[in-house]
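Geometric and topological summary
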2 protein chains.
Amino acid sequence: MCDRIRNAGMHDRMMSAEQAAALIKPGMTVAMSGFTGAGYPKAVPQALAARMEAAAAAGSPFRIKVLTGASTAPELDGALAKANGMELRLPYQSDPALRERINSGEIDYIDMHLSHVAQHTWSGYFGKIDLAVVEVAGILEDGRLVPSSSVGNNKTWLEQADQVILEVNAFQPAGLEGMHDIYYGTALPPERKPIPLTAPDERIGEAYLHVDPAKVVAVVTTDAPDRNSPFTAPDEASRSIAVHLLDFFGHEIKRGRLGRNLLPLQSGVGNIANAVLAALSEGGYEGLTAYTEVIQDGMLDLIRTGVLKMASATSFSLSAAGVQEFKDNIDFYRTRILLRTQEISNHPELIRRLGVLAMNGMIEADIYGNVNSTHIAGSKVMNGIGGSGDFARNGSISIFMSPSTAKNGGLSSIVPMVSHVDHTEHDTMIIVTEQGLADLRGLAPKQRAQLIIDRCAHPLYRPMLQDYYDRARRESYGQHSPHLLAEALSWHDRFVETGTMHTFPTINQPSRSPDSGLPELPGSLLGT
Amino acid sequence: MCDRIRNAGMHDRMMSAEQAAALIKPGMTVAMSGFTGAGYPKAVPQALAARMEAAAAAGSPFRIKVLTGASTAPELDGALAKANGMELRLPYQSDPALRERINSGEIDYIDMHLSHVAQHTWSGYFGKIDLAVVEVAGILEDGRLVPSSSVGNNKTWLEQADQVILEVNAFQPAGLEGMHDIYYGTALPPERKPIPLTAPDERIGEAYLHVDPAKVVAVVTTDAPDRNSPFTAPDEASRSIAVHLLDFFGHEIKRGRLGRNLLPLQSGVGNIANAVLAALSEGGYEGLTAYTEVIQDGMLDLIRTGVLKMASATSFSLSAAGVQEFKDNIDFYRTRILLRTQEISNHPELIRRLGVLAMNGMIEADIYGNVNSTHIAGSKVMNGIGGSGDFARNGSISIFMSPSTAKNGGLSSIVPMVSHVDHTEHDTMIIVTEQGLADLRGLAPKQRAQLIIDRCAHPLYRPMLQDYYDRARRESYGQHSPHLLAEALSWHDRFVETGTMHTFPTINQPSRSPDSGLPELPGSLLGT
């Protein structure tokens with residue numbers, strides 16, 4: 001471990017995870033590293049969860065507030081949720097145990113734009129940060145930190161927390177050193193200056209994180225892999241979505257609205273994202289760039305083959321095979337990947353300037369182009385908005401993708417009115433399902449509605465949508481965005497009651513009651 | 001007029017409004033100047049409307065697509081709407097005749113962020129711009145144009161239109177010359193660079209608009225005032241809202257989260273905005289700045305007294321008395337006001353950097369903080385989103401304000417679920433009514449719900465909201481954002497059916513049926 005912890009002063013603070021976890025007190029606000037299952041602390045949260053369970057068994061509940069970069073893993077969110085040790089969690093999660101506690105009303109969850117977390121913390125909106133637990137890949141002689149496989153909000157956590165626990169994970173490759181770009185130029189207004197980034201491959205910061213050594217109260221060593229996200233090979237629906245999207249890119253190139261190198265890509269993880277990346281590769285593209293949150297297996301492939309000349313992100317999210325590929329060729333990847341803080345990877349100024357092509361999954365869209373990325377039936381949260389709003393709102397083309405149905409046909413991803421809005425009609429440009437692509441740019445609401453019904457809806461639901469829309473065209477109070485309010489959310493209500501949105505329920509035979517579990521997350525939402 | 005039209009080549013193209021209007025053909029896409037009733041063309045649209053009416057009378061409908069900066073005036077939107085001469089209109093409107101045509105389904109209306117109009121035009125999303133009609137205050141010897149009382153999208157219209165008609169309005173003060181800052185550095189990605197503005201009072205452009213003289217097909221002279229917006233003195237509800245907001249600012253200053261100079265202010269027009277500005281003046285503030293869309297009477301007052309040291313905007317919206325005050329002291333105001341293009345006044349990069357305090361009106365908010373700025377009962381559009389999304393999404397504090405009821409108590413501005421979402425729960429920080437202020441920062445959905453009910457709802461509706469929320473806490477499918485979907489929009493439905501959202505209808509005796517007209521626009525929405 002001495003090659004990873006080269007600062008002499010830090011050696012004195014080395015202790016076990018249990019000793020470190022004992023520094024965390026009930027009621028504390030604790031900021032942790034971690035983004036899409038990478039770079040999260042692996043030992044202290046589990047030791048903390050054990051303390052919490054013991055405390056609960058002894059009749060004195062032990063709960064804290066937990067802030068992270070984004071989703072973490074069973075060792076953090078899962079363990080603390082099972083111990084019922086969180087009273088508040090932000091900003092993004094994907095852990096089943098945590099989600100269940102949130103949706104049962106036991107944990108307060110703040111679902112916010114990932115680009116907002118750092119500035120809201122600096123502004124004090126979450127109160128004082130008592131303690132940070134941050135995984136790093138190493139500590140230099142001078143005390144600077146080699147960041148791990150994600151950066152997330154770590155710069156902010158290290159600066160804002162009163163006390164810091166460092167987990168030094170020897171499993172993370174030493175070759176990560178030099179792959180990060182930590183920008184120390186952000187500020188609160190009125191002190192903000194232009195952020196001098198004009199291309200995804202530019203470096204504007206330094207390779208290390210800083211921490212005031214006086215704040216470091218514990219150093220814990222670990223040697224454990226990140227949560228490995230299994231690579232999901234594209235299914236037929238995802239491949240169809242990718243074909244529609246690639247057709248669209250080809251069309252934009254022909255019209256001179258996109259160059260052959262496209263614009264910097266943002267893409268989530270999962271089935272659809274993998275299909276889109278594979279299609280780009282097959283489509284003969286090369287020299288592309290990515291300005292995104294997460295590097296997944298598909299992106300490594302594209303970097304290896306030159307389809308992507310580089311990728312800027314804030315985190316990895318790799319399968320075990322992807323981790324091996326990365327480790328085996330880390331010198332190659334180190335010159336082609338930059339990991340930044342999430343306030344920079346998701347910064348509205350930079351996403352707008354670069355003109356990012358924002359490709360995000362969704363749960364459902366309505367006929368006017370409002371998009372729900374977070375809620376099932378208006379009240380249960382799935383994962384969270386993640387960075388989808390940061391990219392969709394400020395990117396040059398905002399694309400939302402989903403299979404047209406889920407739950408064996410019981411859910412339509414095109415509905416009369418979404419049950420929750422995360423992206424408004426003013427921000428959505430392209431809707432894609434395996435049925436087709438609707439280009440909403442330059443269209444008024446009624447034009448959008450007919451196009452979405454015709455192009456994106458599943459044939460099982462298309463007649464029901466057309467019927468709703470036709471009646472709304474006749475009977476709605478107003479004819480700007482025709483709606484039948486008494487019926488607009490009835491599809492979701494029917495799903496909750498019967499397990500299907502369809503009025504002809506025999507088409508769907510759900511294998512379990514709707515309350516027994518949430519529908520699968522559509523393809524490419526972040527951090528599945 | 002020769003002192004206003006100093007370029008010799010332009011003299012040859014002088015003609016009557018009727019002759020100029022004859023250059024506009026059915027089906028054309030025509031971009032016009034104008035923003036909140038200032039700087040719009042005053043003669044050509046009326047002459048065009050006369051042609052349209054004659055054509056319709058002769059059995060051959062004459063309709064065009066109309067793009068503007070924002071709202072205009074009866075001479076433009078009113079005249080063309082009455083002539084049924086528009087098939088499409090964007091991006092913001094407030095004309096009663098136009099609104100009626102939109103809500104009857106006769107005109108397609110694209111309601112979009114004002115910051116997006118220029119880039120979407122450059123990207124070709126609205127097709128080719130056949131012709132621009134732009135009011136200016138004068139033409140220099142070298143052909144450069146002195147902008148008028150609004151800038152809006154004029155830079156883009158002059159650059160993108162195939163042909164240009166200039167209206168030179170001698171009523172606009174010659175002293176406007178030098179008050180504008182037209183930035184010619186924007187581009188489409190991947191050519192975008194940082195925009196070098198770091199404070200509201202910085203100049204980054206030039207004082208004049210450019211036009212290719214070869215494109216100017218007509219020069220029309222006018223001598224007419226802008227639509228004068230009558231100054232509305234704050235009523236009691238508006239004054240209460242202002243008191244709550246000033247309390248909040250004071251609280252933020254005490255906590256060290258805002259300086260005594262606050263941060264650059266963005267504010268709409270109308271009753272509430274005037275009340276807030278008056279309260280700032282009475283509150284002893286000085287040396288403030290504004291980075292906003294519109295300079296209204298209240299802002300002139302604040303500049304005169306030094307409460308505001310300067311204001312950056314894209315337009316004026318003054319009463320007749322305000323125009324006189326401005327004209328009488330134009331040399332004073334010219335050094336304290338900058339008018340920019342609306343892509344700069346509303347630019348996400350700049351609003352975020354400056355940390356603008358975004359103060360916007362709303363139609364309704366729901367208990368989770370989703371805000372509806374545009375729709376009545378989900379289907380009728382009021383005015384449009386204007387710049388509220390640009391400022392709320394990127395400003396440092398996003399504030400939405402409304403009286404807690406409208407229509408003589410028949411409408412509650414706090415509802416279980418909004419009937420249309422323009423600003424999501426992820427973007428709303430402060431809700432203010434005359435009842436009180438809810439600070440939603442750092443709160444999870446259920447915390448927000450109780451606070452909004454307690455602080456913002458009118459006592460007439462508070463028990464109904466509490467009852468809905470209490471039952472949702474027990475019966476909702478999920479407990480992250482508890483909702484009863486079958487009931488969530490029932491308040492709006494009841495309003496449409498009975499004229500009141502209340503279940504005890506005798507509290508409200510609407511003076512007219514709900515279909516006979518739209519409710520009054522809440523206070524400070526843009527361009528009333």
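All values reported here derive from a predicted model rather than from experimental measurement. (Residues numbered from 1 in each chain as written. Chains lettered and ligands numbered in written order. Predicted model: local features only at pLDDT ≥ 70, side-chain atom pairs only at ≥ 80, totals over all residues. Heavy atoms only, no water.)

1. Examining the pattern of salt bridges
Residues and elements named next belong to chain B. Enumeration over the complete set of coordinates arrives at 54 salt bridges over all chains. Among the salt bridges present, the one from Asp-226 reaches Lys-42, with a minimum N-O distance of 2.8 Å. Residue Asp-226 is located in the loop between β9 (216-222) and α8 (236-254), and its partner Lys-42 is located in the loop between β1 (29-32) and α3 (44-57); the two are separated by 184 residues in the primary sequence. By relative accessible area, Asp-226 is classed as buried at 14%. As a salt-bridge pair, Asp-181 and Arg-340 come within 2.8 Å of each other at their nearest N and O atoms. You can see Asp-181 sitting in strand β8 (residues 180-181) and its partner Arg-340 sitting in strand β15 (residues 337-340), a full 159 residues away along the chain. In this pair, the class of Asp-181 matches that of Arg-340, namely buried. (Salt bridge = Lys/Arg side-chain N within 4 Å of Asp/Glu carboxyl O. Helix = DSSP H or I, 4+ residues; strand = E, 2+ residues; numbered from the N terminus. Buried < 20%, exposed > 50% of the residue type's maximum accessible area, 1.4 Å probe, protein only.)

2. Thoughts on the relation of the copies chain A and chain B
The transform that puts chain A on chain B rotates by 180° and translates by 0.0 Å along the axis, for an RMSD of 0.0 Å. Within this description, the copies of the chain are treated as partners about a two-fold rotation axis. No C-alpha of chain A lies nearer the rotation axis than that of A:Glu349, which sits 2.2 Å from it. Taken as a fraction of all interface residues of chain A, those also at the interface in chain B reach 100%, which identifies the copy contact as same-surface. (Least-squares fit on C-alpha atoms with pLDDT ≥ 70 in both. Contact = heavy atoms within 4.5 Å.)

3. What about the side chain of A:Asp181?
Residue and element names in this part refer to chain A. Overall, Asp-181 belongs to the buried group, its relative accessible area being 2%. A distance of 2.8 Å separates polar atoms of two side chains, one belonging to Asp-181 and the other to Arg-340. Residues within four places of Asp-181 in sequence aside, it is in contact with Glu-202, Arg-203, Ile-204, Gly-205, Glu-206, Leu-338, Leu-339, Arg-340 and Thr-341. (Polar contact = N/O pair within 3.5 Å; in protein donor to acceptor, adjacent residues only side chain to side chain.)

4. Some thoughts on the packing of aromatic side chains
Considering all chains together, one arrives at ten aromatic pairs over all chains under this definition. Relative to A:Tyr333, the ring of A:Phe326 has its centre 6.0 Å away and its plane inclined at 35°; by these criteria the two rings are tilted. Each member of the pair, A:Phe326 together with A:Tyr333, is buried. The interplanar angle of 85° and the centroid separation of 5.2 Å between the aromatic rings of B:Phe332 and B:Tyr333 together place this pair among those described as edge-to-face. Site record: aromatic cluster; members linked through ring pairs are A:Phe316, A:Phe326, A:Phe332 and A:Tyr333. The ring of A:Phe171 is capped by A:Lys327, whose NZ or CZ atom sits 3.7 Å from the centre of that ring. One cation-aromatic arrangement involves B:Lys42 over B:Tyr40; the distance from NZ or CZ to the ring centre is 3.9 Å. (Phe/Tyr/Trp six-rings, centres within 6.5 Å; stacked < 30°, edge-to-face > 60°. Lys NZ or Arg CZ within 6 Å of the ring centre and 35° of its normal.)

5. A word on the interface of chain A and chain B
Counting residues at the interface gives 84 residues for chain A, matched by 84 residues for chain B. Both faces combined, the contact of chain A with chain B buries some 7000 Å², and carbon together with sulfur accounts for 54% of it. For the interface between chain A and chain B, the tally reads four salt bridges. In this structure, B:Arg353 and A:Glu349 form a salt bridge, with 3.1 Å as the shortest nitrogen-oxygen distance. At the boundary of chain A with chain B, the tally comes to 35 residue pairs in polar contact (both at pLDDT 80 or more). Here the side of chain A that touches chain B gets five residues from one element, more than from any other, and that element is helix α14 (residues 348-354) of chain A. Of the residues that constitute the side of chain A that touches chain B, the class distribution is 33 nonpolar, 33 polar and 18 charged. (Buried area = accessible area lost by both parts, 1.4 Å probe. Nonpolar A, V, L, I, M, F, W, Y, C, P; charged D, E, K, R; others polar.)

6. Some words on the sheet that holds strand β17 (residues 364-366) of chain B
Residue and element names in this part refer to chain B. Spatially, the three strands line up as an open sheet ordered β18-β17-β24, and their pairing is mixed. Strands with a single pairing partner mark the edges of an open sheet, and in this sheet they are β18 (371-372) and β24 (414-415). When β17 meets β24, the two strands line up parallel, connected through two bridges. The partner of Ala-365 across the bridge, within β24, is Ile-414. (Pairing = 2+ DSSP bridges.)

7. Quick word on empty space enclosed by the protein
Applying the stated criterion to the full structure yields eleven cavities of 30 Å³ or more. Reported here for the largest cavity is a volume of approximately 250 Å³. Split by residue class, the lining of the largest cavity holds eight nonpolar, twelve polar and four charged. (1 Å grid on protein atoms, 1.4 Å probe; cavity = no way out; pocket = protein on both sides within 12 Å on 5 of 7 lines; lining within 4 Å. Points joined across faces, edges and corners; volume = space filled by probe spheres on them.)

8. Regarding the UniProt feature "domain: Acetyl-CoA hydrolase/transferase N-terminal" (unreviewed entry) in chain A
Under the present numbering, the feature "domain: Acetyl-CoA hydrolase/transferase N-terminal" (unreviewed entry) in UniProt falls on residues 14-220 of chain A. Helix and strand shares over residues 14-220 of chain A are 24% and 22% respectively, and the end C-alpha atoms of the span are 6 Å apart. (UniProt positions renumbered as here; feature names shortened; annotations may be inferred.)

9. Here's the deal with the UniProt feature "domain: Acetyl-CoA hydrolase/transferase C-terminal" (unreviewed entry) in chain A
In the numbering used here, UniProt assigns the "domain: Acetyl-CoA hydrolase/transferase C-terminal" (unreviewed entry) feature to residues 322-468 of chain A. For residues 322-468 of chain A, the end-to-end C-alpha separation is 46 Å, with 33% helix and 25% strand making up the annotated structure.

10. Considering helix α5 (residues 96-103) of chain B
Residue and element names in this part refer to chain B. The element α5 is largely enclosed, with a buried count of six among its eight residues. Looking at α5, one finds that the buried residues are Ala-97, Leu-98, Arg-99, Arg-101, Ile-102 and Asn-103. Looking at the packing, one finds that the buried side of α5 touches α4 (74-82), β3 (86-90), β4 (108-109) and β20 (380-381). A side-chain oxygen of the first residue of α5 lies 3.0 Å from the backbone nitrogen of Ala-97; this N-cap is Asp-95. Looking at the residues trailing α5, positive phi occurs at Gly-105, about 90°.

11. Let's talk about the environment of A:Ala187
Residue and element names in this part refer to chain A. With respect to the element layout, Ala-187 can be found in the loop between β8 (180-181) and β9 (216-222). Relative accessible area serves as the criterion here: at 29%, Ala-187 is assigned to the partly exposed category. Put simply, Ala-187 and Trp-122 are 65 residues apart on the chain and 8.7 Å apart in space, counted from C-alpha to C-alpha.

12. Let's talk about the pairing of β9(A)
All names here are of chain A. Among the seven residues in β9, five count as buried, and that is most of the element. Relative to β9, strand β7 (residues 161-169) runs parallel, the two being bridged by six bridges. Its bridge partner lying in β9, Val-168 is registered against Thr-221.

13. Looking at the packing of helix α9 (residues 271-282) of chain B against helix α10 (residues 297-305) of chain B
Packed helices, taken two at a time, are described by the angle between their axes plus the distance between the axes. Residue and element names in this part refer to chain B. Put simply, α9 and α10 touch, their axes get as near as 9 Å, and they point 15° apart. With respect to α10, the axis of α9 lies roughly parallel. Along this stretch, α9 crosses α10, giving a crossing that reads as left-handed. Residues Asn-274, Leu-277 and Ser-281 of α9 pack against Gly-298, Met-299 and Leu-302 of α10. Class assignment for the residues of the contact of α9 with α10 results in three nonpolar, three polar and no charged. (Axes fitted to C-alpha atoms, helices over the stretch in contact; angles between N-to-C directions. Parallel < 35°, antiparallel > 145°, perpendicular 65-115°, else oblique. Left-handed = near helix turned anticlockwise from the far one by under 90°.)

14. Let's talk about the side chain of A:His347
Secondary-structure assignment places A:His347 in the loop between α13 (342-345) and α14. A:His347 gets classed as buried once you look at its relative accessible area, which sits at 5%. Non-local contacts of A:His347, meaning those with residues more than four positions away in its chain, are made with A:Ile195 and B:Arg352.

15. What to know about α4(B)
All names here are of chain B. For α4, the buried fraction is high: seven of the nine residues fall into the buried class. Within α4, the full set of buried residues consists of Glu-75, Leu-76, Asp-77, Gly-78, Ala-79, Leu-80 and Ala-81. Against the buried residues of α4 lie β1, α3, β2 (64-67), β3 and α5. Trailing α4 by a residue or two, Asn-84 shows a phi angle of about 50°, which is positive.

16. Digging into the sheet that holds strand β24 (residues 414-415) of chain A
Strand order in the open sheet formed by three strands is β18-β17-β24 (chain A), and the pairing between neighbours is mixed. If you trace the sheet from one side to the other, it starts and ends with β18 (371-372) and β24 of chain A, each paired once.

17. Structural notes on the pairing of strand β11 (residues 288-291) of chain A
Residues and elements named next belong to chain A. Alternating positions in β11 separate into two faces, Leu-288 and Ala-290 on one and Thr-289 and Tyr-291 on the other, with burial throughout. Taken together, the four bridges between β11 and strand β13 (residues 308-313) define a ladder with parallel strand orientation. From the neighbouring strand, Ala-290 faces β13, where its bridge partner is Ala-311.

18. A short note on unusual backbone geometry
For the bond from A:Leu90 to A:Pro91, the omega torsion is -5°, close enough to zero to count as cis. Here A:Pro91 is to be found in the loop between β3 (86-90) and α5 (96-103). Looking along the chain, the bond that leaves B:Pro189 and enters B:Pro190 is cis, with omega of 10°. Of note, B:Pro190 is situated in the loop between β8 and β9. Despite not being glycine, B:Asn84 shows a phi value in the positive range, around 50°. Note on placement: B:Asn84 falls in the loop between α4 and β3. For B:Asn84, a relative accessible area of 26% gives the class partly exposed. Its identity as a non-glycine residue notwithstanding, B:Ala377 has a phi of 50°, on the positive side. Its location among the elements puts B:Ala377 in the loop between β19 (375-376) and β20.

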